[in-house]
Amino acid sequence: MTTDSVIRALTPPPSDAEAEAWRSVLADARAADLPQLPAPSLVEVAGRIRVRPARGRAALWAAEDGVAGLLLFSDAENQHTAFLDVLTVRPRARRRGLGTALWERVREELLARGRTSVSAQIDLGGPGQAFAESLGFGCVLPMAWYVQDVPEARRALPVREAAAPPGYELVCWPGLVPDAWAAAAARAHCAMDDAPAGDMDEQVLAWTPERLHASQQLILDRGGALTTVAAVTPEGEVAAYTELVLPDPDGPRAVQYDTVVVPGHRGRGLGRTVKLRMLAEAADRHPALRAVATTVADENTPMRAVNEALGYRRERGTAVFQLTL
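These figures come from a predicted structure and were not determined experimentally.

A. Structural view of helix H7 (residues 209-221). The end-to-end C-alpha distance of H7, which contains 13 residues, comes to 18 Å, matching closely the 18 Å that a straight helix rising 1.5 Å per residue would cover. Among all positions of H7, only Leu212, His213, Gln216, Leu218 and Ile219 are buried. On its buried face, H7 is in contact with helix H6 (179-189), strand S8 (225-232), strand S9 (238-246) and strand S10 (253-261). Looking one or two places after H7, you find Gly223, whose phi comes out positive at around 95 degrees.

Written out as C-alpha cells, the structure reads:
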C-alpha cells in the first residue's frame, strides 16, 4: 500500500528529469489503456507542465508511478471551480492506493483554494471512469473523440479544390492571428457560446483580442504549432474558422480545436470548406502528420454530420465529469 508520503509537489519549472519521469508515467498508462494512440512526446509533456497556463495556476504532483495536475482558474467567473487536467497511475502500480493518495492531495488543494467543484475530461469505459465515479464524479457532458486519417482523406477528398462560396475568401494564419484580424476573430470565437456545455459549472468567458492571443501564445510557448483557417468577408468579418494544434510539431497526431460558423453565415458549407482547406495546409506544413482528432458533444448533430462527410470516424467515447465538493 502506498501513502502520500511518496508524493511530492513539483516546484516550477520542473527539471528535465522530472519532465521525462512524468512522460514515462503517461506513456505506460497510454500503452495499456489506449494502445491505438502514439506515446506522448517529451516536447508535448514538458511544455504542458513547464509553461504557466493562460487562465490561472497549475498545481502538479508526482510519484514514481503516478502524476496529477490541476488547473485553478484565476478569472473571477470561475474562481469557484477548477479542472483536473490529469491523474494517472502506471499500470503496474494500480489498485495499491496511489490514485487515491494523489486525489487526496488534489482535494486538499481544491478546498484550500475555496473551490466548490472540479471537472475532468475522462475516456468512457476505462479505469479512469470507474475511479472517478468511485469518488463521486458524475457525467455532465457526453462526447466522443473522432479521428480523420490524413493520408486517406487527402486521397479521397478534393482538398486542393476547396474554395469559399461567393462573398467569402479563405485565409490561413500560422501561429497567432494577425493583429489586424484579432478583433474579428475574437467576435467569431464568441459564436462558440451556443455550443453544448451540459451542466458544467465552468462559466464561458467573453472572447477579446487579448484573451485570444494569450490562449494562442500558450500553445506556441509550450512548443506546439497552431494554424487557423478562416472564411472572411470583404467587410472584415470572420464568418467561419477552424483551428488545428499539434502539441508536438513533428508528431503524427494533431487536435482540431474549434470549428465555428457564425450565425448568419450558416447553411452555406463554410464549416466543411474551412476544414478541407485546413487538411491541405496541415499536410503540407507537417509531413509526419497522420491523424487529426477532435471531440464533439453527442448532441452537436450538425458538426458530427460535417465530420462524417469528411471521413472522420468515431474513435472512443469521452465525457466531462464533475464533482461538487
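B. Structural context of the packing of H6 against H7. Running from N to C, H6 and H7 point in directions that differ by 95 degrees, and their axes come no closer than 8 Å. Of the possible angle classes, the one that applies to H6 and H7 is roughly perpendicular. Between H6 and H7, the contacting residues are Asp179, Ala182, Ala183, Ala185, Ala186 and His189 on the first element and Pro209, Leu212 and His213 on the second. Taken together, the residues of the contact of H6 with H7 break down into six nonpolar, two polar and one charged.

C. A look at the packing of helix H1 (residues 16-33) against helix H2 (residues 42-50). Their axes nearest at 9 Å, the elements H1 and H2 cross at an angle of 115 degrees. Judged by the sense of rotation from one axis to the other, the crossing of H1 with H2 is right-handed. In this structure, H1 contributes Asp16, Ala19, Glu20, Trp22, Arg23 and Leu26 to the contact, and H2 contributes Leu42, Val45, Ala46, Ile49 and Arg50. Its residues placed into classes, the contact of H1 with H2 shows seven nonpolar, no polar and four charged.

D. Just the packing of aromatic side chains, in detail. Evaluated as defined, the whole model comprises two aromatic pairs. Ring geometry for Trp103 against Phe137: centres 5.6 Å apart, planes inclined by 70 degrees, an arrangement best described as edge-to-face. In this pair, Trp103 sits in helix H3 (residues 98-112) while Phe137 sits in the loop between helix H4 (127-135) and strand S6 (138-149), placing the two residues 34 residues apart along the sequence. You can call Phe137 buried: its relative accessible area is 6%.

E. A look at the nonpolar core. Within the largest apolar cluster, 30 residues are counted, with the highest numbers of intra-cluster contacts made by Leu244, Leu270, Leu289 and Val292. Put simply, the parts of the chain that give this core at least two residues each are S6, helix H5 (150-156), S8, S9, S10, helix H8 (270-285) and strand S11 (291-297). Sort the elements by how many residues they give to this core and H8 lands first, with seven residues. Excluding residues within four positions of it along the chain, Leu244 makes contact with Ala225, Leu226, Thr227, Ala254, Val255, Gln256, Met278, Ala282 and Val292.

F. Structural context of the side chain of Arg90. As for its position among the elements, Arg90 is in the loop between strand S4 (82-89) and H3. Once you skip the residues sitting within four places of it in the chain, Arg90 turns out to touch Ser24, Val25, Asp28, Glu64 and Asp65.

G. View of unusual backbone geometry. The amide bond that connects Pro12 to the next residue, Pro13, takes the cis arrangement and shows omega of -10 degrees. Relative to the helices and strands, Pro13 is located in the loop between strand S1 (8-9) and H1. In this structure, Arg95 is a non-glycine residue whose phi angle is positive, near 65 degrees. If you trace the backbone, Arg95 turns up in the loop between S4 and H3. Residue class for Arg95 comes out exposed when judged on its relative accessible area of 88%.

H. Representation of the pairing of strand S3 (residues 66-73) within the structure. Among the eight residues of S3, eight are classified as buried, and the element is accordingly described as predominantly covered. The side-chain alternation of S3 yields two buried faces, one formed by Gly66, Ala68, Leu70 and Leu72 and the other by Val67, Gly69, Leu71 and Phe73. Taken together, the seven bridges between S3 and S4 define a ladder with antiparallel strand orientation. Considered in S4, the bridge of Val67 is made with Thr88.

I. How the structure looks around the environment of Asn307. By the secondary structure assignment, Asn307 is in helix H9 (residues 301-309). Overall, the relative accessible area of 2% leaves Asn307 in the buried class. Only 3.1 Å separates the side chain of Asn307 from the side chain of Lys275, close enough to count as a polar contact.

Reading the values: rules and limits
- Residues numbered from 1 in each chain as written.
- Predicted model: local features only at pLDDT ≥ 70, side-chain atom pairs only at ≥ 80, totals over all residues.
- Heavy atoms only, no water.
- Helix = DSSP H or I, 4+ residues; strand = E, 2+ residues; numbered from the N terminus.
- Expected span 1.5 Å × (residues − 1).
- Buried < 20%, exposed > 50% of the residue type's maximum accessible area, 1.4 Å probe, protein only.
- Contact = heavy atoms within 4.5 Å.
- Axes fitted to C-alpha atoms, helices over the stretch in contact; angles between N-to-C directions.
- Parallel < 35°, antiparallel > 145°, perpendicular 65-115°, else oblique.
- Nonpolar A, V, L, I, M, F, W, Y, C, P; charged D, E, K, R; others polar.
- Left-handed = near helix turned anticlockwise from the far one by under 90°.
- Phe/Tyr/Trp six-rings, centres within 6.5 Å; stacked < 30°, edge-to-face > 60°.
- Core = buried A, V, L, I, M, F, W, Y, C linked by side-chain atoms within 4.5 Å.
- Pairing = 2+ DSSP bridges.
- Polar contact = N/O pair within 3.5 Å; in protein donor to acceptor, adjacent residues only side chain to side chain.

Just distances and angles here, no functional claims.
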